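So you can see what is in the structure, the chains are spelled out below.
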Amino acid sequence: MSTESNKIVRVTTHVLQEMKLRRIKISMLTAYDYSIAKIIDQAGIDVILVGDSAATVMAGYQSTLPITLNEMIYHAGSVVKAVKRALVVVDLPFGTYQGNSKEALSSAIRIMKETGAHAIKIEGGAEISESITRILTAGIPVMGHLGLTPQSIHKFGTYVVRAREKDEAEKLLEDSHVLQNLGCFAIVLEKIPSALGKQVAGELKIPVVGIGAGSGVDGQVLVLHDMLGITQDFSPRFLRRYLHLSEEINSAVQHYINDVKTGDFPNEKEQY
Ligand code: KIV
């Protein structure tokens, strides 16, 4: 457990910048509800992402596309109420910022105003510059997201590693500079070769947080349900499972069912 991290009272975008300068790795996980957010905040996580992965792990959709702004606001509001230390970043969902910078700004404002979150995350590079600029001019911190951007899954057609080819790697590098120059405070890089992740983190002054982007970046992010082993059918190479909760929950529930059916629960001490 890092004592450096324990000293931080409240993680801000400035703290993350300082962490990059001092080569302290940034830890980031997703959360979508009050109870879990409270546990991971107390554990000392630096950044909590209210990701649009809520669409898949919470709502059971096949992709992140269907989740709405109102649903993201519901999840984010629940998380913010629990958090005392971490920086809370919220994904702008698909269809709320692409192609219309005014709509992007009003989506970001709704998130900040109605949830109390600290920043928003947005997928894409140069093509969404106008939206990012407009959001930033309202004083809302923006985290970028490049590489595998799940909201564009129908364009990619697959969840395989991105930017293996020279052209795509060059475009990603260029986009990362665009995002930094626009004023993003950090960038997430998803599922790209580790050498490219390292190069981006080395060239940029802002923190670069990876998910499947290797160890040369400034921090790591995982979807909580994946690292706790709640999700079962998803095992990409980059995922380290710290628990196998689906098995433990299954066994606890079977135990409970058995206790109810046999009359073992409740016992004398468990009733009034
Ligand atoms: O929505 C999400 O959980 C994300 C992470 C995978 C970075 O964007």
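The rules behind the values
- Residues numbered from 1 in each chain as written.
- Predicted model: local features only at pLDDT ≥ 70, side-chain atom pairs only at ≥ 80, totals over all residues.
- Heavy atoms only, no water.
- Near = heavy atom within 4 Å.
- Polar contact = N/O pair within 3.5 Å; in protein donor to acceptor, adjacent residues only side chain to side chain.
- Areas by Shrake-Rupley, 256 points an atom, 1.4 Å probe, with all protein chains shown as cover.
- Core = buried A, V, L, I, M, F, W, Y, C linked by side-chain atoms within 4.5 Å.
- Buried < 20%, exposed > 50% of the residue type's maximum accessible area, 1.4 Å probe, protein only.
- Helix = DSSP H or I, 4+ residues; strand = E, 2+ residues; numbered from the N terminus.
- Contact = heavy atoms within 4.5 Å.
- Domains from an automatic or database assignment.
- 1 Å grid on protein atoms, 1.4 Å probe; cavity = no way out; pocket = protein on both sides within 12 Å on 5 of 7 lines; lining within 4 Å.
- Points joined across faces, edges and corners; volume = space filled by probe spheres on them.
- Nonpolar A, V, L, I, M, F, W, Y, C, P; charged D, E, K, R; others polar.
- Phe/Tyr/Trp six-rings, centres within 6.5 Å; stacked < 30°, edge-to-face > 60°.
- Lys NZ or Arg CZ within 6 Å of the ring centre and 35° of its normal.
- Salt bridge = Lys/Arg side-chain N within 4 Å of Asp/Glu carboxyl O.

Turning our eyes to something else, we now look at the site of the ligand. Around the ligand lies a shell formed by Thr30, Leu49, Gly51, Asp52, Ser53, Asp91, Lys121, His145, Glu190, Ile211 and Val223. Here an oxygen atom of the ligand and a side-chain polar atom of Asp52 are 3.0 Å apart. At a separation of 3.1 Å, an oxygen atom of the ligand approaches a polar side-chain atom of Asp91. Taken by itself the ligand offers 260 Å² of open surface, and the protein chains cover 95% of this.

As a further point, take the nonpolar core. A general trend in soluble globular proteins is that nonpolar side chains are found buried together. The biggest cluster of nonpolar side chains holds 78 residues, and the ones touching the most others in it are Ile120, Ile122, Ile135 and Leu189. Residue contributions to this core peak at seven residues, all from helix α5 (residues 69–82). Not counting chain neighbours up to four residues away, the residues in contact with Ile135 comprise Leu92, Ala104, Leu105, Ala108, Ile120, Ile122, Ile140 and Val142.

To continue, consider the domain arrangement of the protein chain. In terms of domains, the protein chain is made up of domain 1 (3–241) and domain 2 (244–272). Each of domain 1 and domain 2 has a C-alpha centre, and these two points are 38 Å apart.

It is worth spelling out the layout of surface pockets at this point. Put simply, the second largest pocket is a space of about 680 Å³. In terms of lining residues, the second largest pocket is bounded by 29 residues, among which Ser53, Thr56, Val223, Asp226 and Phe234 are the most central. Among the secondary structure elements, those contributing two or more residues to the lining of the second largest pocket are α4 (54–57) and β6 (186–190). In terms of residue class, the lining of the second largest pocket is made up of 13 nonpolar, nine polar and seven charged.

A separate point is the packing of aromatic side chains. Scanning all chains against the criterion turns up one aromatic pair. Arg162 extends its terminal NZ or CZ atom over the ring of Phe156, reaching a point 3.9 Å from the ring centre.

Here the focus is the pattern of salt bridges. One pass over the structure, following the stated rule, counts eight salt bridges. For Arg85, the salt bridge goes to Asp46, with nearest N and O atoms at 3.3 Å. Of this pair, Arg85 sits in the loop between α5 and β3 (87–91) while Asp46 sits in the loop between α3 (34–43) and β2 (47–50); the two residues are 39 residues apart in sequence, bridging distant segments of the chain. With a relative accessible area of 2%, Asp46 lands in the buried category. As a salt-bridge pair, Asp91 and Lys121 come within 2.7 Å of each other at their nearest N and O atoms. Residue Asp91 is located in strand β3, and its partner Lys121 is located in strand β4 (residues 119–123); the two are separated by 30 residues in the primary sequence. A single burial state applies to Asp91 and to Lys121, both of which are buried. The network of salt bridges with common partners includes Glu127, Lys171 and Asp175.

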